[in-house]
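Listed here are the chains, written in short residue letters.
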Amino acid sequence: MPRRFTSVLVLGLGFSLAQSATLHGQGSGSPDGVIQQMWVEGMERSQVEPLAQVLLDSIGPRSAGSSGLEAATAWLLQHYADLGIPARKEQFGTWTGWDPGITHVDLLTPHVRTLEAYPMGWTYGTDGPVEGDVVVIPEFVTPEDIEAWVPTVRGKFVLGFPPEVMCRAPHELAANATEATVARIDSLRSAMWTSYLGRLRPLGGPFAAAARFEAAGAAGVIYSMWSMGHFSQRAPGWGVNQILNAPSDSLVAVDVSCEHYGMLFRLASNDQGPRIRVHVETSDRGLVPQFNVIAQLTGTELPHEYVVLSAHLDAGHAAQGATDNGTGTLMLLEAMRILRATYPEPRRTIIAGHWGSEEVGLIGSAAFREDHPEVVAGLQALFNQDNGTWRIEKIEGQGFARAGDHVTRWMAQVPDAIARHVTLDFPGPQENSGSDHSSFVCAGAPAFRLQSPYDEYRQYTWHTNRDTYDKIVFDDLKNNATLAAMLVYQASEDPERVPREKAALPADPRTGQPRPWPTCQPPLRSP
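Residues numbered from 1 in each chain as written. Predicted model: local features only at pLDDT ≥ 70, side-chain atom pairs only at ≥ 80, totals over all residues. Heavy atoms only, no water.

Observations concerning the nonpolar core
Step number 1: M336, L339, F383, I395, M411 and F448 are the most contacted members of the largest nonpolar core, which has 82 residues in total.
Step number 2: Ranked by residue count, the leading element in this core is helix 17 (residues 474–493), at 11 residues. (Core = buried A, V, L, I, M, F, W, Y, C linked by side-chain atoms within 4.5 Å. Buried < 20%, exposed > 50% of the residue type's maximum accessible area, 1.4 Å probe, protein only. Helix = DSSP H or I, 4+ residues; strand = E, 2+ residues; numbered from the N terminus.)

Structural notes on the side chain of E305
Step number 1: Secondary-structure assignment places E305 in strand 10 (residues 302–312).
Step number 2: Reaching out from E305, the side chain makes a polar contact with the side chain of R348 at a distance of 2.7 Å.
Step number 3: Apart from residues lying up to four places away in sequence, E305 is in contact with R348, T349, G378 and R497. (Polar contact = N/O pair within 3.5 Å; in protein donor to acceptor, adjacent residues only side chain to side chain. Contact = heavy atoms within 4.5 Å.)

Side note on empty space enclosed by the protein
Step number 1: With the rule as written, the count across this model stands at 2 cavities of 30 Å³ or more.
Step number 2: Counted as a void, the largest cavity has a volume near 50 Å³.
Step number 3: Around the largest cavity, the lining residues are G65, S66, L69, E70, T73, P289, Q290 and F291.
Step number 4: Looking at the lining of the largest cavity, the elements with two or more residues in it are helix 4 (67–83) and strand 9 (275–297). (1 Å grid on protein atoms, 1.4 Å probe; cavity = no way out; pocket = protein on both sides within 12 Å on 5 of 7 lines; lining within 4 Å. Points joined across faces, edges and corners; volume = space filled by probe spheres on them.)

Considerations on unusual backbone geometry
Step number 1: Of note, the bond from T109 into P110 is cis; its omega dihedral lies within 30 degrees of zero at 5°.
Step number 2: Along the chain, P110 falls in the loop between strand 2 (87–109) and strand 3 (113–115).
Step number 3: Note the cis peptide between F426 and P427, where omega equals 0°.
Step number 4: When you line up the elements, P427 lands in strand 14 (residues 423–427).
Step number 5: The backbone of S357 shows a phi angle near 55°, a positive value even though the residue is not glycine.
Step number 6: Looking at the secondary structure, you find S357 in the loop between strand 11 (348–355) and helix 11 (363–371).
Step number 7: Unusually for a residue other than glycine, Q398 sits at a positive phi of about 60°.

Examining the pairing of strand 15 (residues 447–451)
Step number 1: The buried fraction of strand 15 is high, at 5 of 5 residues.
Step number 2: Burial of strand 15 is two-sided: the residues A447, R449 and Q451 facing one way and the residues F448 and L450 facing the other way are all buried.
Step number 3: Pairing of strand 12 (residues 379–384) with strand 15, which is carried by 3 bridges, proceeds in the parallel orientation. Its bridge partner lying in strand 15, N384 is registered against R449.
Step number 4: One ladder, built from 3 bridges, connects strand 13 (residues 394–396) with strand 15; its direction is antiparallel. Note that in strand 15 the partner of E396 across the bridge is R449. (Pairing = 2+ DSSP bridges.)

In structure tokens form, the structure reads like this:
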């Protein structure tokens, strides 16, 4: 019978890590020479800054099906070759090839201004600059009102979302405004959303309505997804938009900043004649092959047992994909360099899995699970990292009842300068399932999440136009790569296999019954 679910938070790992700190200090004087060497390689000889500059500045965005992802794949393979680490790319399917190009959105009347705008994912491009009036969706009383209004959008740009009343970060408003002001703005925001979603509902909702606008000959649709402000209780951030995928691949769709979108909405609502010029260049590349990049150090004693480092290589197209998931990619690359330099003949086989197409459904990692049942069967441990803002603060156990005993022993060998920031959450409630560890957890293979602080990541960089190089904290990225290498080393050397016994998961609040263990879904290998 599985153990009852309990969440065990080990702050600094208590006495065992206090002892470890005495032995290790700042990573020197360790009784384990490999750990000591890893500290030197990772914290004193780190390569993450120049690697980040090439990946993020030179290669840039890496959405599924893009030429940027192809370039990143080739770069990874070359870099692993330079390190003397065998690496390969494995095709797992195809995806719709699409590259964004120049995008320009300008307000022409009632005054002239260039707007902050981004193409939505896989949007259709314009044939040169296109001008059109901007319109809001009116309130409909009868179905006849809808049928009369929809044809009027021909040649116009339709605002598909309600605007924000204020684009200040809510925590700034709460800190500086009166309670009455905060309450009034919250009330206005709620009323605006209720009203505009009520207008959209007869059209099928924000995105389904786009098909009707397209059929009516609209010039395009304009949205604004302000950080985590929409459909969420998380606080959105200054100047940050999430750039989503277009509702149609044959209608121009752009995302406009919170501030500029609100201006367009007010101008249109007050009949002040907003007219814009939109120029969106995109490249339709047809169906293109998609790959995982797999680097491997083969085990000398147990080559058919595996320790896996996991991170996705693809990223959103609106920024550089720095924290989602350039930092995960760099952590793997640097950890493998550290391992090659300090532990070149591992006991178990070590794999770095740089997954493709994570952002469109965890496809690369799920395909690897299907294509490599021997790795799933022989998996000692998998460590996944997918949010790179700040240092790793928690290792999530994903519901494996007795795996925490092993991870606690491994962490006891980690220098206190790193370990004191880490808590262990074992067995763990499987709170965060939307990343590549889930592709292995569903198969009952011990896969763990290396978790960095989440709230600011969600607020400012997750899928946004601000996920850029400057957001990386390189001291923390060095820390994370060094920790990853040390965990992999300990997992490889452990004389015992990590047990796969499952804990009872916490109750589903809707039913009051323990949640079932997740089941694996076949990956969507082609759109």
